[in-house]
Amino acid sequence: MEKQYIELYKAHHQLIKQNSAAIINRSRDAAFAKFESMGFPSTKHENYRYTDLKPMFSLDYGLNFRRLNFPVNPYQTFQCDVPEIYSYQFFVVNDSFYPPKKKHNGSLPEGVIICGLKEASEKYPELVTQYYGKLTAPQNDALITFNEAFAQDGFFMYVPENVHMDKPVQLVNIMRSDVDLLANSRNLIIIEKGAKAQLLVCDHAMDDVNFVANRVSEVFVGENAVYENYKLENTHNKTANLSTVLIDQKESSDTLTNLITLNNGISRNNIEVEMNGEKCEAELCGMMVGGGQQQIDNHTTIKHNKPNCHSNELFKYVLDDVSKGAFTGRIFVEKDAQQTWAYQLNRNILLSKKAKVRTRPQLEIYADDVKCSHGATTGQIDEQALFYMRTRGISLPEARLLLMYAFAADVIENIRIPSLANRMKMLVEKRLRGELGMHEGCTLCMH
Amino acid sequence: MLEIKNLHVSIDGKEILKGLSLTVKPGETHAIMGPNGSGKSTLASTIVGNPAFEVTSGSITFEGKNLLEKDPEERANEGIFLSFQYPVEIPGVSMVNFMRTAINEQRKYRKLPPMSASDFLRFMREKKALVDMDNKLTNRSVNEGFSGGEKKKNEIFQMAMLEPKLAILDETDSGLDIDALRIVANGVNKLKTPEKSTILITHYQRLLEYIVPDYVHVLHDGKIVKSGTKELALELETKGYDWLK
Ligand SMILES: Nc1ncnc2c1ncn2[C@@H]1O[C@H](COP(=O)(O)OP(=O)(O)OP(=O)(O)O)[C@@H](O)[C@H]1O
Ligand SMILES: [Mg+2]
């Protein structure tokens, strides 16, 4: 199955390179060689026990090496219905950055750069060279390697020292194709010392074909910087959404990663947060709603490399029908990382007998002065609470919904943008009521 | 109004109510007393339709309708209310949201449009005053972290909101301090109309001084072993239950 990609690369690597940029090409051949020798992992691999990559990569997908433009006008496709939220809005269609309309976004704060990664590599080579591939290099992961071999473009965001973004940035990832399509997009996000930024990523799939999105993001958060990263996934049952986010935190920085999945096919989030300075804060949370045959695998790693850092993880799943969830929470506390606080909680509600969830906390602690805890609960809806509500005249379905809304509430409360929190609450509740369609467009668009 | 005939109820195969009969007419107040474990809460739970309890024989009708074939929410919307001996905590569900949903479900059942937000808030304010319910409590999740007495007060507040035809108060008096007992009892009395009925489950004569029952029944080992008027409660207070066994 790897063979088709190996042959594809050998036949087209010139074309891939011609349509990308020098900096991105630099590590391409080496990445390919690595992929050629390692291939895709099977479910025997420790990190991929709950996501089987082989079947999803075995279809005959199109890849758009020539960077042909797909006929889509995202500004028309995705119209906003939340006028009270404003953002700088950008689109990546499959794996190509879609040039924004100036008047649509107004001008960005002084010094801030947001563009395609290919364009950034050409216009700001020193900046991109300084960061590109630095977090992926030590990794040994097939999806990252595969991405590095094939990715040509993606999203680039640079917020210079001490600049506080006045509005959130919204990145809408749209999958759009008439034939089965595989896209490898590559993102680079640099938040310098003292800067502040909020990024909302919306993942969507437009057409009724099979999609594989293999996205890799490297995120650099400087000293005292604050970075909030929200992701709303509302794709469809033929989408395999594979996302790797690697975050590097410097001293006293603060990050929030909040993931919400409402509709999807197979999703895999590989999130790694590395605290490379003292006094960092990292919050990582997710609300996953699954039904039908949805599969959602969150694989998280938090590395406490320095003292006095705090991390807090909260992942919740509500799974119905034959949907499957998995949560892996790896926490490493290095020898010198004294006064670490690391908390992790995974709570799940299974609404059907056939829904399944797997939880794996993996803590490796080498320091002695730490506060760490982890917990996982999986259960059904609280019968006593249901009965109590029913004795007040609340129907069984309505009582269930109230309990599920309550279950999702603390993940939504972690959203630090109030208007976004309201919107997410509304969407999650709509999904739990079974009223949010898979093909519904970006109901979060902010203009 | 409520007619229970020869009721047998089991849980996990163990029979708890063993042929209980009781008739409550509109406007009447009945007190049910009896030793711990005699089946008082089981009776209350069965009337409101707790699915954990299995009715093996007998019947319960409410205003002529067979209650046993109705879901708990239908029974509630028909006008039956239980103030729980042990109210349930529901973290994450706010009191306001809970009550608004309950009121609107009841209105839907009665084919009325939902109550507007402002009407609802006004209505809630009025009912809170009736039982002297603190704002701090109604701003929290249902019963979460409420003290024992606060939970009981909250039950009566919900009763005030839902205006049932038949209220069953299961040991609402236990856990209340002297002032709270008076306030709650006054609230119950104020809600009373000539058509509304009450079943009071209690261990103590004190409550019956505030809410005077028309009848007092003694439940023992799943059956009513004695019925009388309010004087029976006084007699029980001095003599205990042993003489009835
Ligand atoms: N869920 C249950 N599972 C098993 N046994 C139960 C259950 N609920 C009640 N019982 C049993 O049924 C009997 C009657 O209980 P019930 O709660 O009705 O008593 P009660 O008269 O209300 O007592 P108290 O005065 O202490 O409140 C008791 O022996 C109790 O242990
Ligand atoms: Mg009892």
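Each residue is numbered by its place in its chain's sequence as written, counting from 1. Just so you know, chain letters begin at A and ligand numbers begin at 1, following the order they were written in. Reporting in this predicted model follows two pLDDT cut-offs: at least 70 for local features of residues, and 80 or more for side-chain atom pairs to be given and counted; totals over whole chains, interfaces and linings ignore these cut-offs and use all residues. Heavy atoms from the whole structure form the basis of all side-chain values; hydrogens and water molecules are not counted.

**Quick word on the state of the cysteines**
In a disulfide, the sulfur atoms of two cysteines are held together by a covalent bond.
Piece 1. The rule for a disulfide is simple: a pair of cysteine sulfur atoms within 2.5 Å. This model, assessed by the stated rule, comprises 0 disulfides over all chains.
Piece 2. Free cysteine A:Cys309: the closest other cysteine sulfur is in A:Cys280, separated by 4.2 Å.

**Details of the coordination of the magnesium ion (ligand 2)**
Residues and elements named next belong to chain B.
Piece 1. Coordinating N, O and S atoms are those within 2.8 Å of the metal (3.2 Å for Na, K and Ca), and as water is not part of the atoms, a site may appear to have fewer donors than expected. The magnesium ion (ligand 2) binds to the protein through Ser-41 (OG) and Gln-85 (OE1); the donor distances cover 2.0 to 2.1 Å. Taken together, the positions of Ser-41 in helix α1 (residues 40–48) and Gln-85 in the loop between β6 (80–83) and β7 (90–94) put the pair 44 residues apart, joining distant regions of the chain.
Piece 2. Since its relative accessible area comes to 17%, Gln-85 is described here as buried. A run of DSSP states H or I qualifies as a helix once it reaches four residues; a run of E qualifies as a strand once it reaches two. Both are numbered from the N-terminal end. Relative accessibility under 20% of the residue-type maximum defines a buried residue, over 50% an exposed one, and the middle range a partly exposed one, all with a 1.4 Å probe and only protein chains included.

**With respect to the site of ligand 1**
Residue and element names in this part refer to chain B.
Piece 1. Taken together, 15 residues lie around ligand 1, and Gly-37, Lys-40, Ser-41, Thr-42 and His-203 are the ones closest in.
Piece 2. Here a polar contact means two N or O atoms within 3.5 Å. Within protein one must be a hydrogen donor candidate and the other an acceptor candidate, and residues neighboring in sequence count only if both atoms are side-chain atoms. Within the side chain of Asn-36, an N or O atom sits 3.0 Å from an oxygen atom of ligand 1.
Piece 3. Interatomic distance of 2.8 Å between a side-chain N/O atom of Ser-41 and an oxygen atom of ligand 1.
Piece 4. With residues, only the protein chains shown are counted as cover, and all accessible areas are computed by Shrake-Rupley using a 1.4 Å probe. In the complex, 65% of the free accessible area of ligand 1, which totals 640 Å², lies under the protein chains.
Piece 5. Mapped by element, the contributors of at least two residues to the shell around ligand 1 are β2 (14–24) and α1.
Piece 6. Among the elements that take part in the shell around ligand 1, α1 stands out by supplying 3 residues, more than any other.
Piece 7. Tallied by class, residues from the shell around ligand 1 come to 4 nonpolar, 8 polar and 3 charged. By convention in these notes, a residue is near a molecule or strand provided one of its non-hydrogen atoms lies within 4 Å of it. Classification convention: Asp, Glu, Lys, Arg as charged; Ala, Val, Leu, Ile, Met, Phe, Trp, Tyr, Cys, Pro as nonpolar; all other residues, Gly among them, as polar.

**Thoughts on the sheet that holds strand β4 (residues 54–62) of chain B**
Residues and elements named next belong to chain B.
Piece 1. Two strands qualify as a pair provided DSSP detects at least 2 bridges between them. Within the open sheet, the 4 strands sit side by side as β2-β1-β4-β5. Their pairing is antiparallel. Across the chains shown, the open sheet's two edge strands, defined by having one partner strand only, are β2 and β5 (65–66).
Piece 2. Inspection of the sheet shows β4 paired to β5 by 2 bridges, in the antiparallel sense. From the neighbouring strand, Phe-62 faces β5, where its bridge partner is Lys-65.
Piece 3. Should any heavy atoms of two residues lie within 4.5 Å, those residues are counted as being in contact. Fitted lines through C-alpha atoms serve as axes, helices being fitted only where they are in contact, and the angles separating the N-to-C directions of these axes extend from 0 to 180 degrees. Across the sheet, α1 lies against β1 (2–11), β2 and β4, angled at about 110° from β1, the strand it touches most.

**Thoughts on helix α11 (residues 396–413) of chain A**
Piece 1. Spanning 18 residues, α11(A) covers 26 Å between terminal C-alpha atoms, matching the ideal 26 Å at 1.5 Å per step.
Piece 2. Here α11(A) has its buried residues at A:Ala399, A:Leu401, A:Leu402, A:Leu403, A:Met404, A:Tyr405, A:Ala406, A:Phe407, A:Ala408, A:Val411 and A:Ile412. Under the convention used throughout, the expected extent of a helix is 1.5 Å for every residue step, that is, one less than its residue count.

**Some details on helix α6 (residues 148–162) of chain B**
Residue and element names in this part refer to chain B.
Piece 1. Given a rise of 1.5 Å per residue, 15 residues ought to cover 21 Å, and the 22 Å separating the end C-alpha atoms of α6 matches this to within 8%.
Piece 2. The element α6 is extensively covered by neighbouring structure, given that 13 of its 15 residues are classed as buried.
Piece 3. Immediately beyond the C-terminal end of α6, within one or two residues, lies Glu-163, with a positive phi of roughly 45°.

**Some words on the packing of aromatic side chains**
Residues and elements named next belong to chain A.
Piece 1. Between rings of Phe, Tyr and Trp, where Trp is taken as its six-membered ring, a pair exists when centres lie within 6.5 Å; planes separated by under 30 degrees are stacked, by over 60 edge-to-face, and by other angles tilted. For the structure on display, the rule yields 21 aromatic pairs over all chains.
Piece 2. Look at Tyr-9 and Phe-150: their rings are 5.7 Å apart centre to centre, the planes differ by 90°, and that puts the pair in the edge-to-face class. Highlighted residues: Tyr-9 in helix α1 (residues 2–18) and Phe-150 in helix α9 (residues 142–150), separated in sequence by 141 residues. Comparing Tyr-9 with Phe-150 shows no difference in burial state: the two are buried.
Piece 3. Between Phe-35 and Phe-146, the ring centres sit 5.1 Å apart and the planes meet at 70°, which makes this aromatic pair edge-to-face. Placement of Phe-35 in helix α3 (residues 28–38) and of Phe-146 in helix α9 is noted, with a sequence separation of 111 residues between them. The two residues Phe-35 and Phe-146 agree in class, both being buried.
Piece 4. Here, over-ring charges are defined by two tests on the NZ atom of lysine or the CZ atom of arginine: distance to the ring centre within 6 Å, and angle to the ring normal within 35 degrees. The residue whose ring lies beneath Arg-268 is Tyr-48, and the NZ or CZ to ring-centre distance is 4.1 Å.

**Details of the packing of α6(B) against helix α7 (residues 178–191) of chain B**
All names here are of chain B.
Piece 1. Two numbers describe how α6 lies on α7: the axes approach to 10 Å, and their chain directions differ by 15°. Considered as vectors, α6 and α7 are oriented roughly parallel to each other. For the element pair α6 and α7, the recorded crossing hand is left-handed. Contacts from Lys-153, Ile-156, Met-159 and Ala-160 in α6 reach Val-184, Val-188 and Leu-191 in α7.
Piece 2. Broken down by class, the residue content of the contact of α6 with α7 amounts to 6 nonpolar, no polar and 1 charged. Angle categories are assigned with fixed cut-offs, so that under 35 degrees is roughly parallel, over 145 is roughly antiparallel, 65 to 115 is roughly perpendicular, and the rest are oblique. Less than a right angle of anticlockwise turn of the near helix away from the far helix marks a crossing as left-handed, whereas a clockwise turn marks it as right-handed.

**A look at the interface of chain B and chain A**
Piece 1. With 31 residues of chain B in contact, the opposing surface of chain A contributes 16 residues.
Piece 2. Of the roughly 1900 Å² buried between chain B and chain A on both sides combined, carbon and sulfur atoms contribute 67%.
Piece 3. When a carboxyl oxygen of Asp or Glu lies within 4 Å of a side-chain nitrogen of Lys or Arg, that pair is called a salt bridge. Applying the counting rule to chain B against chain A returns 3 salt bridges.
Piece 4. Between A:Arg390 and B:Glu73 there is a salt bridge; the shortest N-O distance is 2.6 Å.
Piece 5. Elements represented by at least two residues in the side of chain B that touches chain A include exactly α1, α2 (72–78), β6, β7, α3 (95–109) and α6 of chain B.
Piece 6. The element contributing the most residues to the side of chain B that touches chain A is α3(B), with 5 residues.
Piece 7. In terms of residue class, the side of chain B that touches chain A is made up of 17 nonpolar, 10 polar and 4 charged. Summed over both partners, the accessible area (1.4 Å probe) lost when two parts come together is defined as the buried area.

**Details of the sheet that holds strand β8 (residues 196–205) of chain A**
All names here are of chain A.
Piece 1. Taken together, the 10 strands give an open sheet; going across it, the order is β2-β1-β5-β8-β10-β12-β14-β16-β18-β20, and neighbouring strands pair in mixed fashion. For this open sheet the edge positions go to β2 (96–98) and β20 (370–379), each flanked by a neighbour on one side alone. The average undirected angle you get between the axes of adjacent strands in this sheet is 10°.
Piece 2. Two elements, strand β5 (residues 169–175) and β8, share 7 bridges in a ladder whose sense is parallel. Each bridged residue has a counterpart across the sheet, and for Asn-173 the counterpart in β8 is Asp-203.
Piece 3. Contacting β12 (254–263), β14 (281–290), β16 (310–319) and β18 (340–350), α11 runs over the sheet at an angle of about 155° to β16.
Piece 4. With respect to the sheet, helix α12 (residues 418–432) is in contact with β8, β10 (226–234), β12, β14 and β16, its orientation differing from that of β12 by roughly 30°.

**Things to note about the confidence of the model for chain B**
All names here are of chain B.
Piece 1. Put simply, chain B has an average pLDDT of 93, and 100% of its residues get 70 or more.
Piece 2. As a per-residue measure, pLDDT tells how confident the predictor is, with possible values from 0 to 100. The least confident element of chain B is helix α9 (residues 230–239), whose mean pLDDT is 85; the most confident is β6, at 98.
Piece 3. The ipTM for the predicted assembly is 0.96, set against a pTM of 0.88.

**Comments concerning the packing of α3(A) against α9(A)**
All names here are of chain A.
Piece 1. Packing of α3 against α9 brings their axes to within 8 Å, and their N-to-C directions diverge by 140°. Of the possible angle classes, the one that applies to α3 and α9 is oblique. Handedness of the α3/α9 crossing: left-handed. Facing Arg-28, Ala-31, Phe-32, Lys-34, Phe-35 and Met-38 of α3, the residues of α9 in contact are Ala-142, Thr-145, Phe-146, Glu-148, Ala-149 and Phe-150.
Piece 2. Tallied by class, residues from the contact of α3 with α9 come to 8 nonpolar, 1 polar and 3 charged.

**Re unusual backbone geometry**
Residue and element names in this part refer to chain B.
Piece 1. Residues other than glycine seldom take positive phi values, yet Lys-111 does so here, at roughly 60°.
Piece 2. Its place among the elements puts Lys-111 in the loop between α3 and α4 (117–130).
Piece 3. If you check the backbone angles, Asp-132 has positive phi at about 55° while not being a glycine.
Piece 4. Assessed through its relative accessible area of 46%, Asp-132 is described here as partly exposed.

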